[in-house]
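Chain by chain, the residues:
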Amino acid sequence: MAKKVLILMGSDSDLKVMNEAAKALHALEVETEIRVSSAHRVPDKTMKLAREARANGFGAIIAGAGLAAHLPGVVAACTTLPVIGVPIQGGAIQGLDALYAIVQMPKGIPVATVAVNGAYNAGLLAAQMLAGADEALAKRLDDYRGQLAAEVEAKDDKLQSIGVEAYLNK
């Protein structure tokens, strides 16, 4: 049975960013579940979701958080599933605090980290993690990469055909 990806965020204000992870995963036909669960305001719920994720059919967890950004670390402390942290832009330093908080996990509790607001790439990374045990998903990822390459080649062909000035003024 194909594994699902659990997408967590500490606040519904993060939904617009975190939904990008779901979009990437849905395009690859990976099932997701999106939940709001704060490491600070509902820690028991958050830890329960993380602890039960494997038994509930999840193969990876994406956790988005801003400011102090404790959610990905708390989740990672409660499961051995891969956890991907998405720093959310906000606050006085626009997500840099969240990036540092997520990327600086202590030895033994890893959290993969993507760019600030990089939820789409988090979705792709989760799919790549699952694809190691899912040949059909691996094929869909290969097809996606082929599509990206074709788009770049088409843009270069157009640039070479019409020139820089015409391309910039299109």
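For every chain, the first residue of its written sequence is number 1, and the numbers climb from 1 along that sequence. Where totals are concerned, whole chains, interfaces and linings use all residues; where local detail is concerned, this predicted model gives features only for residues with pLDDT of at least 70, and gives and counts side-chain atom pairs only at 80 or more. Based on all heavy atoms of the structure, the side-chain values leave hydrogens and waters out of the count.

As recorded in an unreviewed UniProt entry, the protein chain goes by the name N5-carboxyaminoimidazole ribonucleotide mutase, listed as coming from Tumebacillus lipolyticus. UniProt positions are given in the numbering used here, feature names are shortened, and annotations may be inferred rather than shown by experiment. Under the UniProt heading Pathway (unreviewed entry), the entry covering the protein chain gives this text: "Purine metabolism; IMP biosynthesis via de novo pathway; 5-amino-1-(5-phospho-D-ribosyl)imidazole-4-carboxylate from 5-amino-1-(5-phospho-D-ribosyl)imidazole (N5-CAIR route): step 2/2."

Chemist: Before we move on, could you go through helix 1 (residues 15-27) and cite the residues and values that matter?
Modeler: In a regular helix each residue adds 1.5 Å, so 13 residues correspond to 18 Å; helix 1 covers 18 Å between its end C-alpha atoms and thus fits that length. Partly exposed describes any residue whose relative accessible area lies between the buried limit of under 20% and the exposed limit of over 50%, with all areas from a 1.4 Å probe on protein chains only and scaled to the type maximum. Helix and strand assignments come from DSSP, with helices taken as H or I runs of at least 4 residues and strands as E runs of at least 2, each series counted from the N terminus. For helix 1, every residue scored as buried is listed here: Val 17, Met 18, Ala 21, Ala 22, Ala 24 and Leu 25. Buried residues along helix 1 cover an arc of 160° about the axis, so they all sit on one side. Along helix 1, exposed side chains directed more than 90 degrees from the buried face belong to Lys 16 and Ala 27. The contact rule is simple, with two residues in contact once any of their heavy atoms fall within 4.5 Å. Considering only its buried residues, helix 1 is in contact with strand 1 (4-9), strand 2 (32-36), strand 3 (58-66), strand 4 (83-88) and helix 5 (119-131). Take the number of residues in a helix, subtract one, and multiply by 1.5 Å to get its expected span. Taking the helix axis as origin, the arc is that swept by the directions to the C-beta atoms.

Chemist: Provide a residue-level description of the packing of helix 5 against helix 6 (residues 135-162), including the pertinent values.
Modeler: Two numbers describe a pair of packed helices, the interaxial angle and the distance between the axes. Here an angle of 0 to 180 degrees is reported between the N-to-C directions of two axes, which are lines fitted to C-alpha atoms, with helices fitted over the stretch in contact. Viewed as axis vectors pointing N to C, helix 5 and helix 6 meet at an angle of 140°, and their least axial separation amounts to 8 Å. By the angle between their directions, the pair helix 5 and helix 6 is classed as oblique. Note that helix 5 runs across helix 6; the crossing there is left-handed. Contact residues: Tyr 120, Leu 124, Ala 127, Gln 128, Leu 130 and Ala 131 in helix 5; Glu 135, Leu 137, Ala 138, Leu 141, Tyr 144 and Arg 145 in helix 6. Residues belonging to the contact of helix 5 with helix 6 are distributed by class as follows: nine nonpolar, one polar and two charged. Convention used here: angles under 35 degrees read as roughly parallel, angles over 145 as roughly antiparallel, angles from 65 to 115 as roughly perpendicular, and any remaining angle as oblique. Note on convention: the crossing is left-handed when the near helix lies turned anticlockwise from the far helix by less than a right angle, right-handed when the turn is clockwise. Under the scheme applied here, ten amino acids are nonpolar (Ala, Val, Leu, Ile, Met, Phe, Trp, Tyr, Cys and Pro), four are charged (Asp, Glu, Lys and Arg), and all others, including Gly, are polar.

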